[in-house]
Amino acid sequence: MRKFHTKTLLSLLLAALITGAPACSSGSNDSKSTETQPSTDTTVANTEETLSALEARQSVADNLPDMDFDGRTFTVVTYSTRVPELYSESLNGEVVNDAIYNTRVTVSDRFNTKIEVLSQDDYIATGDFIRRTVLAGEESFQLAAQHIISLGGMVPQDLFLNWYDIPHIDFSQPWWSRSTTEDLTYGKDKSMIAVGDFSLSSLSLTNCFFFDKVDAVTYGIENMYDVVWDGKWTLDYLMNVSKDVYNDLNGNAIADGDDYYGMSQSLQGALNTYLWSCGGKVMQKNSQGIPELVYHSEKTNAIVEKVYKIAYETSGICNQRESKYPGETYNFGMLAFRDGLSLFCSGTVDATGNRFRDKQHEYGILPYPKFDEAQEEYYTMTSGSMAAFAVPKTVSDPEFVGIITEALNAESYKAVFPAYYEVALKTKYTHDDESVKMLDYIVDHRVFDFGYVYDNFKGFSFYFQYLIGGEASSDFESYYAANSSASIAQYQTVLDYYEGLE
């Protein structure tokens, strides 16, 4: 059965790569489609490279024992928006859906178990369900796939098992994020939260930038890929290139929400990512592997100053379009970019499929900008609404949980991530090899800060959003002085909990 599913995925990927046109809008004309269609030789070469990478993934052994669980049910609890990435009831010909379906069936058949997903309305309801059932001593589920910040807030309530105590979980395997050990582990062997490939949102909700390739030519912008690779894609570069990009589309001589700008950005969650993209941190491990607060620093102050300038002192950047997108205070930047009203926008990787399907111009993907050219790497982080994993203390058979959890992450690494990344993203929605390279780089440079995951909406991770976006201020020191006591107490609660574990 396992070989059947592998061959099925290979066939699906091959068919999609050979027959699938590059991502272009439904409004594109035939001549434009012809111009952007890769040559046969290039298509075949890319196909061979993709299949080679897929086969390499397939060859990684999970080293799990042969077990028969006699039809026992393995239940994952999550919230409604995460269900499609964890569970598919049937095949429907859509590559990612079918990979998710095949993953479930492969693991179910291999271990004679039934895999189910128990869905709550939202992550708040999911958190309430987890607390209620675990505190009542009920084994209602074996794995939580929950909003990562909400999950972090529940850890000090002593609801979960330590991942390092669960048999057959191997964090050295490629289906587990390196951040599980590098950022989310306390000391050498304590972590209640893990990030793995069974969570597709750990990829799809990665923060990035987009730029309109056609408009970049119109406004005389240099090759943005070269800018990135040359290390020049910085906050100052973003401001300089955006400030002179503006077009009064409605002709009313007023810069309003109907006009064209160098960039459209939300003053909410997107602002927080700048801390990490500029090399800042909330917490960093010491030599013993214990997370320590490093947030209050000259570097954080400097980042705040520049992000404030981006938001309020750069003429070509638009912070709100309420008249055009009423109620869309969070997503309007991506919507304006989709509708051809911005050269740049910030967003998440999944926008390529769920927001930009109808965008008429070709676009490229970029990392978040660096603080300055002296910074060696570009960094990003993943939206807090991604699903991370925890195991409730009420499970009666940790070995069962460990085997099925490891298998689901391994099969997702081998099937689901390639389907989403190699086909749905790289072939269907992006337009050129450079965007593919950028995407590889962006995903490889994700940061999972201990201080972000355990923020519980009380820590430092959202200060940029609250200070710059909410108060339209750059006075970081005053804001820190007024709010830091409660934030420090939040982190101390988490550190005390981990220190008290045996």
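Please refer to the structure higher up on the page.
Residues numbered from 1 in each chain as written. Predicted model: local features only at pLDDT ≥ 70, side-chain atom pairs only at ≥ 80, totals over all residues. Heavy atoms only, no water.

### A few points about the pairing of strand β10 (residues 342-348)
In the case of a regular strand, side chains alternate between the two sheet surfaces. Heads up, the condition is: For every residue, the accessible area obtained with a 1.4 Å probe (protein chains only) is divided by the maximum for its type, and the residue is called buried under 20%, exposed over 50%, and partly exposed between those limits. A run of H or I in DSSP counts as a helix once it spans at least four residues, and a run of E counts as a strand once it spans at least two, with each numbered from the N terminus. Strand pairing follows a simple DSSP-based rule, namely that at least 2 bridges must link the two strands.
Counting buried residues along β10, seven of its seven residues qualify, which places the element largely inside the surrounding structure. Bridge count between strand β4 (residues 207-212) and β10: five bridges; the pairing is antiparallel. Bridge pairing links C208 to G347 in β10. The pairing of strand β6 (residues 260-264) with β10 spans three bridges and is parallel. Bridged to M263 within β10 is F344.

### Here's the deal with the packing of aromatic side chains
Using the following cut-off: Classification of ring pairs uses Phe, Tyr and Trp, with its six-membered ring standing for Trp, and accepts pairs whose centres are within 6.5 Å; under 30 degrees between planes counts as stacked, over 60 as edge-to-face, and the remaining range as tilted. Throughout this description, the term charge over a ring refers to an Arg CZ or Lys NZ atom that lies within 6 Å of the ring centre and within 35 degrees of the ring normal.
Using the criterion set out here, one finds 45 aromatic pairs in the structure. Between F198 and F389 the ring centres are 5.8 Å apart and the planes differ by 25 degrees, which places this aromatic pair in the stacked class. Taken together, the residues span a long stretch of sequence, with F198 in the loop between α8 (178-182) and α9 (201-204) and F389 in strand β13 (residues 387-390) at a distance of 191 residues. F389 matches F198 in its accessibility class, with the two residues each being buried. Taking 5.5 Å as the distance between ring centres and 10 degrees as the angle between the ring planes, the aromatic pair formed by Y219 and Y260 counts as stacked. Within this pair, whereas Y219 is found in the loop between α10 (213-218) and α11 (224-229), its partner Y260 is found in strand β6, the two being separated by 41 residues in sequence. By relative accessible area, Y260 is classed as buried at 4%. An aromatic cluster of at least three residues, connected via ring pairs, comprises Y295, F460, Y463, F476, Y479, Y480 and Y491. When the ring centre of F371 is taken as origin, the NZ or CZ atom of K299, which lies over that ring, is 5.3 Å away. The side chain of K370 reaches across the aromatic face of Y378, ending 5.0 Å from its centre.

### What about the packing of helix α13 (residues 269-277) against helix α14 (residues 298-312)?
As a reminder, the rule being used: The axes used here are C-alpha line fits, helices contributing only the stretch in contact, and every angle between their N-to-C directions lies in the interval 0 to 180 degrees. These descriptions rest on fixed angle ranges, namely under 35 degrees for roughly parallel, over 145 for roughly antiparallel, 65 to 115 for roughly perpendicular, and the rest for oblique. Crossing chirality is assigned from the near helix's rotation relative to the far helix, an anticlockwise turn below a right angle marking it left-handed and a clockwise turn marking it right-handed. Contact definition: two residues touch when any of their heavy atoms are within 4.5 Å. Under the scheme applied here, ten amino acids are nonpolar (Ala, Val, Leu, Ile, Met, Phe, Trp, Tyr, Cys and Pro), four are charged (Asp, Glu, Lys and Arg), and all others, including Gly, are polar.
Packing of α13 against α14 brings their axes to within 10 Å, and their N-to-C directions diverge by 140 degrees. Considering their axes alone, α13 and α14 lie oblique with respect to each other. The handedness of the crossing between α13 and α14 is right-handed. Residue-level inspection shows L271, Y274 and L275 of α13 in contact with α14, the latter providing T300, I303, V307 and I310. Broken down by class, the residue content of the contact of α13 with α14 amounts to six nonpolar, one polar and no charged.

### Some points on the sheet that holds β13
Pairing in this open sheet of four strands is mixed, and the strands run β2-β1-β3-β13 from one edge to the other. Only two strands of the sheet have a single partner each, and these edge strands are β2 (113-120) and β13. Going across the sheet, the axis of each strand differs from the next one's by a mean of 25 degrees, ignoring polarity. The pairing of strand β3 (residues 143-147) with β13 spans four bridges and is antiparallel. When the bridges of β13 are listed, H147 appears paired with A387. Contacts from helix α17 (residues 398-425) reach β1 (72-79), β2, β3 and β13 within the one sheet, and its direction differs from that of β1 by about 60 degrees.

### Side note on helix α12 (residues 235-242)
The buried count for α12 comes to six of eight residues, which makes it a mostly enclosed element. Along α12, the positions that sit buried rather than exposed are L235, Y237, L238, M239, V241 and S242.

### Here we look at the side chain of T113
The condition that has to hold: Pairing of N or O atoms within 3.5 Å defines a polar contact, subject to two protein rules: one partner must be a possible hydrogen donor and the other a possible acceptor, and residues neighboring in sequence count only if both atoms are side-chain atoms.
With respect to the secondary-structure elements, T113 resides in strand β2. Within the structure, T113 has its side chain in polar contact with the backbone oxygen of R72 (distance 2.4 Å). Those residues in contact with T113 that sit more than four places away from it in its chain are G71, R72, T73, F74, V107, S108, F400 and I404.

### What about the nonpolar core?
To be explicit about the condition: Among buried residues, the Ala, Val, Leu, Ile, Met, Phe, Trp, Tyr and Cys ones that are joined through side-chain atoms within 4.5 Å form a nonpolar core.
Core analysis: the biggest nonpolar cluster contains 85 residues, and W233, Y274, F344, L366 and F464 have the highest contact counts within it. When residues of this core are assigned to their parent elements, the largest contribution, eight residues, is made by helix α21 (residues 476-500). Ignoring any residue separated from it by four or fewer positions in sequence, one finds W233 in contact with F209, M224, V227, V228, L238, F344, L366, P367, Y368, P369, K370 and Y378.

### Overview of the side chain of Q465
Relative to the helices and strands, Q465 resides in helix α20 (residues 463-471). When residues no more than four places from it in sequence are discounted, the contact partners of Q465 are L267, Q268, G269, L271, N272 and G470.

### Overview of α20
Within α20, the full set of buried residues consists of Y463, F464, Q465, L467 and I468. Where α20 is buried, its residues contact α13, α14 and α21.

### Here we look at the environment of V60
In this structure, V60 sits in the loop between α3 (40-58) and β1. Classification of V60 by relative accessible area gives partly exposed; the value is 21%. For the pair V60 and Q173, spaced 113 residues apart in sequence, the C-alpha separation works out to 8.6 Å. Look past the residues within four positions of V60 in its chain and what remains in contact with it is Q173, P174, W175, Y413 and K414.

### Comments concerning the packing of α12 against α14
For any two helices packed against each other, one specifies the crossing angle of their axes together with the interaxial distance. Between α12 and α14, the shortest axis-to-axis distance is 10 Å and the interhelical angle comes to 15 degrees. Regarding the angle of α12 to α14, the classification is roughly parallel. Considering only the axes of α12 and α14, their crossing is left-handed. Across the interface between the two elements, L235, D236, L238 and M239 of α12 pack against K306, V307, K309 and I310 of α14.

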